[in-house]
Structure formats: C-alpha cells, structure tokens
Amino acid sequence: MWKIENKKNDEFLLEFEKLVIRPIFKIILDLKRLELESEKPLNINEEQLWKYTNTYKDQSLEVQKLISNLMKKKVSKIVLFDLVAKIVQEEGLLDLLKLYRLYINQNNKVHQKCYSLEIKNIPETFKILFNQFYYTAFFDNVDIWALIGKGEFTRKTFHENFKKENKIMVCPYCDIDTTISISNNSVEHFLPKSKFPFLSMNAMNLIPSCTACNKSYEGKGETTLSPITMPYNEQIGDSIEFKIDYLNGRITLNSDKNINILNYVKLLKLKERYSQLNVYIAVDSKMESLYSTLSQSPQLIGKRMYEYIELQKNSGLTFIVKNNIYEYLRYRKYLNTQKKNYKK
Ligand SMILES: [Zn+2]
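These notes cover the structure that comes with them. (Residues numbered from 1 in each chain as written. Predicted model: local features only at pLDDT ≥ 70, side-chain atom pairs only at ≥ 80, totals over all residues. Heavy atoms only, no water.)

### Let's talk about the overall build of the protein chain
Right, so step 1: Summing up its helical and strand segments, the protein chain has 14 helices and 6 strands in all.
Right, so step 2: The C-alpha radius of gyration of the protein chain comes to 25 Å, more than 25% above the 20 Å expected for a compact globule of 344 residues.
Right, so step 3: Along the first, second and third principal axes, the C-alpha atoms of the protein chain reach 105 × 35 × 30 Å.
Right, so step 4: For the protein chain, the share of sequence-separated contacts (at least 6 apart) that also reach a separation of at least 24 residues comes to 74%.
Right, so step 5: Carbon and sulfur atoms form 51% of the exposed surface of the protein chain, whose accessible area is close to 17,400 Å².
Right, so step 6: Averaging the coordinates of the 52 positive side-chain charges in the protein chain and doing the same for the 40 negative ones gives two points 7 Å apart. (Helix = DSSP H or I, 4+ residues; strand = E, 2+ residues; numbered from the N terminus. Rg over C-alpha atoms; globule rule 2.2 N^0.38 Å. Contact = heavy atoms within 4.5 Å. Areas by Shrake-Rupley, 256 points an atom, 1.4 Å probe, with all protein chains shown as cover. Lys, Arg positive; Asp, Glu negative; His and termini not counted. Charge placed at Lys NZ, Arg CZ, Asp CG, Glu CD.)

Shown next as structure tokens:
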C-alpha cells in the first residue's frame, strides 16, 4: 500500500545479473552452438568445455574465477555444470534464444515497473537454475558475494537496506503487520518464482513483507492477477476507500473504480483481512489514542493532521486512519453531546 523503492538492493542484484546470470545464460547458448558444429557428442562437464566458449574467454580474470567456482557448486545433489549440460542437451538453439529474449524482456518490463505479465512456459531445468541455484543457494552466499566484490550482501542486509531506504517497519503490502521482528519478515516474490523464474533475482520483483502476505492461505502466495499495480508503482493505500462500521465492529474496503487496484486488493485478500475483528479492535484503539492527542493539541487538526498520522506509519493501519479520522472526530463529538444532554 505504501509507495516504496529498492535502489540499494537493485544495485547488488544487477551486479549479480551482470557477472553471473547473463554470462551463464550466454555460455549455455555458446555451448549449444559448439554442439551443433561438432560431429561427435560433446562432453561438456568432464572437459570443462565452458572454458572454451567466447563468453567465458571475454570475461575478466575475476569473473572467470567466479564462474568456474559457481560451475562446481552443488544443490540437492546436482552440480551446476551438469545442469548446464542437461539444458544444452535438452533444448534446441531456437528455443534457447527465445528463452534468452524472454528473460531479457521480463526483466526489462519489471525494471520499468510493469507487472501485468503473461505466464510463459519455462523448462523445469531453468526453474532449477534460477530458483534453486540463484535464489535459494546463491542469493546470500557470503563466498559468492566476496568473489563478486561489491561488499556484503545477505538476506539480513537485504531487509536492512530496504528498511533504511524507505524508513519503513510496517508491511508495505498490507499496512497491517509490522516487520520489526526478524521472524515476521519474508522476501516475497511479487510475480511468483514458480511461474516467473527469470524474475527470481530481480530486486524490483522482491518485497520484504510480513509473513501473512507471503502465505497463500492468508496473503498472496503463488497467485497472479493481471492487469495489476503494486507498491513499487504507487501509493495504493491512498486509492482505497476504507469504511468503519462501528455498530458491527467491521471494516469494509472499496477499490472498484480502478481495475489495477481492485486486482491488487483481491490478490492480497485485503477485504477479508481487514474485515477481521482483530483489525477493527486495533483500528479502534489507534483512533481513540489519536482522538486523545488531537483533543490536547487541537492545532494539529487540519492539513497538518495527515502529516502527523503518516509520521506514525510504523505502527500500521495509517491509510484507514487517514481515511476516517474526520468522521471519527464527528462521531466522538456526537457522543459527547449525547452524554451532556443525558446529564441535564
Ligand atoms: Zn503484509
């Protein structure tokens, strides 16, 4: 709901893309061409054939060292160069070129903050490469980042960079839960990595979120909807209308005017989540404490009030409070006059 940025992490992951993802993808293409030119079947791994490709030869010594190191890495009993060999054996050159273009296109689109992407068929081997090797095993591997030479990068620093940059400790997706506790933090793939493996390492597809937002039964999980907006695009919370039903202790949401926002609300199950009694109770107590502050500092009422409310953003539920504060003040005034009349 909050408009956010992810520049620092983007710099790190773009470096990973430049030094690891692109060269390995191009080595796969080079090996396929070598295989097509050769008369006898190639033995890619035993002879370390990747070292004879133009892409490998064109890299600096540091990058060559990095790639040779990664080619030997093992994830659930598969060695990376065996996986590369399997891809070269299984896919045709045209299909590989198509997949390379798709990988470039999808990453460009997401960097341009367009998230309404079509799901394409991607071979299982590439899912293993991007999700199990790059994202699960390499994302925060200290030795690999030492070879990349850009400084320390771990899941922990990923969260810290994001929080520092956005001064945010509340979940930017839902504005309900905070992400202060480490255990309440998830790195969430907005376009799920099971369907968009090529985006598994793109910082503009990664959002540090609360655990609930990352779970399919409570938040978005692996679901996708299109067309859609998301927090790297805009401050979605300002486009949602929140209504508080004080009599029944229930909150309702309206976002029906804009299909992108409507789909966002649906994807994160925000109507259901805001309608929980717990959320109502938390909103009510936040309203009450704001009311008591405003009664003591009436000079805050007016334009400055929204600034004041936004300053408290890290306790969550800011948008619903902003949306309803005037109505709440009227409602309390009404209760007070009722009380006075009763006393008379
Ligand atoms: Zn959340």
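### Observations regarding the pattern of salt bridges
Charged atoms that come close allow side chains of opposite charge to pair.
Right, so step 1: Tallied over the full model, the rule gives 13 salt bridges.
Right, so step 2: Close ionic contact of Glu 17 with Arg 22 constitutes a salt bridge, the shortest N to O distance being 3.8 Å.
Right, so step 3: Its relative accessible area of 31% is what places Arg 22 among the partly exposed residues.
Right, so step 4: Where Lys 243 meets Glu 241, a salt bridge forms, and the shortest distance between an N and an O atom there is 3.3 Å.
Right, so step 5: Taking relative accessible area as the criterion, Lys 243 reaches 46% and is therefore assigned partly exposed. (Salt bridge = Lys/Arg side-chain N within 4 Å of Asp/Glu carboxyl O. Buried < 20%, exposed > 50% of the residue type's maximum accessible area, 1.4 Å probe, protein only.)

### Quick notes on helix H12 (residues 277-296)
Right, so step 1: Between its first and last C-alpha atoms H12 spans 29 Å; for 20 residues at 1.5 Å apiece the expected length is 28 Å, and the two agree.
Right, so step 2: Taken together, the buried positions of H12 are Val 279, Tyr 280, Val 283, Lys 286, Met 287, Leu 290, Tyr 291 and Leu 294. An end-on view of H12 places all buried positions within 145° of arc, on one side of the element. Set apart from the buried face of H12 by more than 90 degrees, the exposed residues are Leu 277, Asn 278 and Gln 296.
Right, so step 3: If you follow the buried residues of H12, they end up packed against strand E5 (241-245), strand E6 (250-254), helix H11 (270-274), helix H13 (303-311) and helix H14 (318-343). (Expected span 1.5 Å × (residues − 1). Arc of directions from axis to C-beta.)

### Here's the deal with the packing of helix H1 (residues 7-37) against helix H8 (residues 155-166)
Right, so step 1: Contact geometry of H1 with H8 gives a least axis separation of 8 Å together with a crossing angle of 140°. As judged from the angle between their axes, H1 and H8 are oblique. For the pair H1 and H8, contact is made by Lys 7, Lys 8, Asn 9 and Phe 12 and by Thr 157, Phe 158, Asn 161, Phe 162 and Glu 165, respectively.
Right, so step 2: Here the contact of H1 with H8 is built from residues that sort into 3 nonpolar, 3 polar and 3 charged. (Axes fitted to C-alpha atoms, helices over the stretch in contact; angles between N-to-C directions. Parallel < 35°, antiparallel > 145°, perpendicular 65-115°, else oblique. Nonpolar A, V, L, I, M, F, W, Y, C, P; charged D, E, K, R; others polar.)

### Observations regarding the packing of aromatic side chains
Right, so step 1: Applying the stated criterion to the full structure yields 33 aromatic pairs.
Right, so step 2: For the ring pair Tyr 100 and Tyr 103, a centre distance of 5.8 Å and an interplane angle of 45° mean the geometry is tilted. Separated by 3 residues within a single helix, Tyr 100 and Tyr 103 lie in helix H5 (residues 93-111), roughly one turn from each other.
Right, so step 3: Owing to a relative accessible area of 1%, Tyr 103 belongs among the buried residues under this scheme.
Right, so step 4: An angle of 75° between the planes, with centres 5.9 Å apart, marks the rings of Phe 133 and Phe 138 as edge-to-face.
Right, so step 5: A relative accessible area of 0% means that Phe 133 is categorised as buried.
Right, so step 6: Above the ring of Phe 12, the side-chain terminus of Lys 150 is found at 5.4 Å from the ring centroid.
Right, so step 7: A cation over an aromatic ring shows up here: Arg 155 above the ring of Tyr 135, its NZ or CZ 4.9 Å from the ring centre. (Phe/Tyr/Trp six-rings, centres within 6.5 Å; stacked < 30°, edge-to-face > 60°. Lys NZ or Arg CZ within 6 Å of the ring centre and 35° of its normal.)

### Here's the deal with the coordination of the zinc ion
Right, so step 1: The coordination sphere of the zinc ion contains the protein donors Cys 171 (SG), Cys 174 (SG), Cys 210 (SG) and Cys 213 (SG), at a distance range of 2.2 to 2.3 Å.
Right, so step 2: With 4 donor atoms in place around the zinc ion and angles of 108 to 111° between them, the coordination shape is tetrahedral.
Right, so step 3: Counting gaps between the donor residues of the zinc ion yields the pattern C-x2-C-x35-C-x2-C.
Right, so step 4: In this structure Cys 210 comes out as buried when scored by relative accessible area, which is 0%. (Donors = N, O, S within 2.8 Å, 3.2 Å for Na, K, Ca; no water. Tetrahedral: all angles 85-135°; square planar, octahedral: opposite > 155°, others 65-115°.)

### Structural notes on a nonpolar patch on the surface
Right, so step 1: Side chains of Ile 301, Tyr 306 and Tyr 326 sit close together on the surface and give an oily, nonpolar patch of about 250 Å² of accessible area.
Right, so step 2: Relative to the helices and strands, Tyr 326 is located in helix H14. (Patch = residues over 30% accessible without salt bridge, like charges linked within 9 Å, V, L, I, M, F, W, Y side chains within 5 Å.)

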